[in-house]
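# Tertiary structure, described
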Amino acid sequence: MKPEFENIPLVKNEEEQQFEITVEGHKAFIVYKEQPNVIALIHTEVEPELEGKGAATAVIEKTLAYIEDNNYKLIPLCPLVFAYIKRHPEWKRIVDDSFHGFKFL
């Protein structure tokens, strides 16, 4: 992640069911669904002001770290998250064993 995003905190907005970072008043977020011990990441989005600046990568990396640090397993339904893990296979370690999408990687 770009250095300018490192100190921006990740917020788990349970009311909206999304992980968020706020940069210069604009949000990048990932919509999630949670079950005991498993989080499915559904959709990643950045506000237009943040497009092309690395905010999507930052929120993905911070969310994956949150999932791992809190002993959840991941179901990567979001295409951006799926593509990120394909490029960074070390994150397969947190993918739920029941998710079979990775047999195509």
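Residues numbered from 1 in each chain as written. Predicted model: local features only at pLDDT ≥ 70, side-chain atom pairs only at ≥ 80, totals over all residues. Heavy atoms only, no water.

### Digging into the overall build of the protein chain
Put simply, the rule reads: Per the convention used, a helix needs a DSSP run of H or I reaching at least four residues, while a strand needs a run of E reaching at least two, with both numbered from the N terminus. The classification of residues rests on relative accessible area computed with a 1.4 Å probe and restricted to protein chains. Under 20% of the type maximum is buried, over 50% is exposed, and intermediate values are partly exposed. Should any heavy atoms of two residues lie within 4.5 Å, those residues are counted as being in contact. All accessible areas in this document rest on Shrake-Rupley with a 1.4 Å probe, and a residue is counted as covered only by the protein chains that are shown. We score Asp and Glu as negative and Lys and Arg as positive, and we do not count His or the chain ends. To locate a charge, the coordinates of NZ of Lys, CZ of Arg, CG of Asp or CD of Glu are taken.
Helix and strand counts for the protein chain stand at 2 helices and 5 strands. Its helices and strands in sequence order give the protein chain the pattern β-β-β-β-α-β-α, from N to C terminus. For the protein chain, the spread of C-alpha atoms along the principal axes amounts to about 40 × 30 × 20 Å. By the burial criterion, 40% of the 105 residues in the protein chain qualify as buried. Considering only contacts within the protein chain whose residues lie at least 6 apart along the sequence, 41% involve residues at least 24 apart. Surface exposure of the protein chain reaches about 6,100 Å², of which carbon and sulfur atoms provide 50%. For the protein chain, the distance from the average site of its 12 positive side-chain charges to the average site of its 18 negative ones is 7 Å.

### Some thoughts on the environment of Glu-45
For clarity, the threshold we go by: Here a polar contact is recorded for every N or O atom pair within 3.5 Å, except that within protein the pair must consist of a potential hydrogen donor and a potential acceptor, and residues adjacent in sequence are included only if both atoms are side-chain atoms.
With respect to the helices and strands, Glu-45 occurs in strand β4 (residues 38-46). On a C-alpha basis, the gap between Glu-45 and Ala-55 in space is 9.3 Å, while along the polypeptide they are 10 residues apart. With sequence-adjacent residues up to four places away left out, Glu-45 is seen in contact with Lys-27, Ala-28 and Phe-29. A distance of 2.9 Å separates a polar atom in the side chain of Glu-45 from a polar atom in the side chain of His-43.

### Overview of the pairing of strand β2 (residues 18-23)
Let me state the cut-off plainly: Whether two strands pair comes down to DSSP finding at least two bridges between them.
Burial of β2 is extensive: 5 of the 6 residues sit out of reach of the surface. Examined bridge by bridge, strand β1 (residues 11-13) and β2 share 3 bridges and lie antiparallel to one another. By the bridge assignment for β2, Lys-12 is matched with Phe-19. Hairpin connection, β1 to β2: the antiparallel pair is bridged by 4 residues, and Gln-17 has positive phi, about 55 degrees.

### Some points on helix α2 (residues 79-87)
Rules: When we speak of the arc, we mean the arc of directions from the helix axis to the C-beta atoms.
Considered for burial, the residues of α2 that qualify are Val-81, Tyr-84 and Ile-85. Buried positions in α2, seen along its axis, are confined to an arc of 95 degrees and lie on one side of it. Facing away from the buried side of α2 by more than 90 degrees, the exposed set consists of Pro-79, Lys-86 and Arg-87. Where α2 is buried, its residues meet β3 (26-35), β4, α1 (55-69) and β5 (73-76).

### Here we look at the sheet that holds β4
Let me state the cut-off plainly: In this analysis an axis means a line fitted to C-alpha atoms, helices contributing only their contacting stretch, and an angle means the value between N-to-C directions, from 0 to 180 degrees.
Read across the sheet, 5 strands follow the order β1-β2-β3-β4-β5 without closing on themselves; strand pairing throughout is mixed. The sheet terminates laterally at β1 and β5, the two strands that pair on one side only. Within this sheet the neighbouring strands show an average axis-to-axis angle of 35 degrees, counted without direction. Sitting on the sheet, α1 touches β1, β2, β3, β4 and β5, and the angle it makes with β4 is about 165 degrees. Contacting β3, β4 and β5, α2 crosses the sheet at an angle of about 115 degrees to β5.

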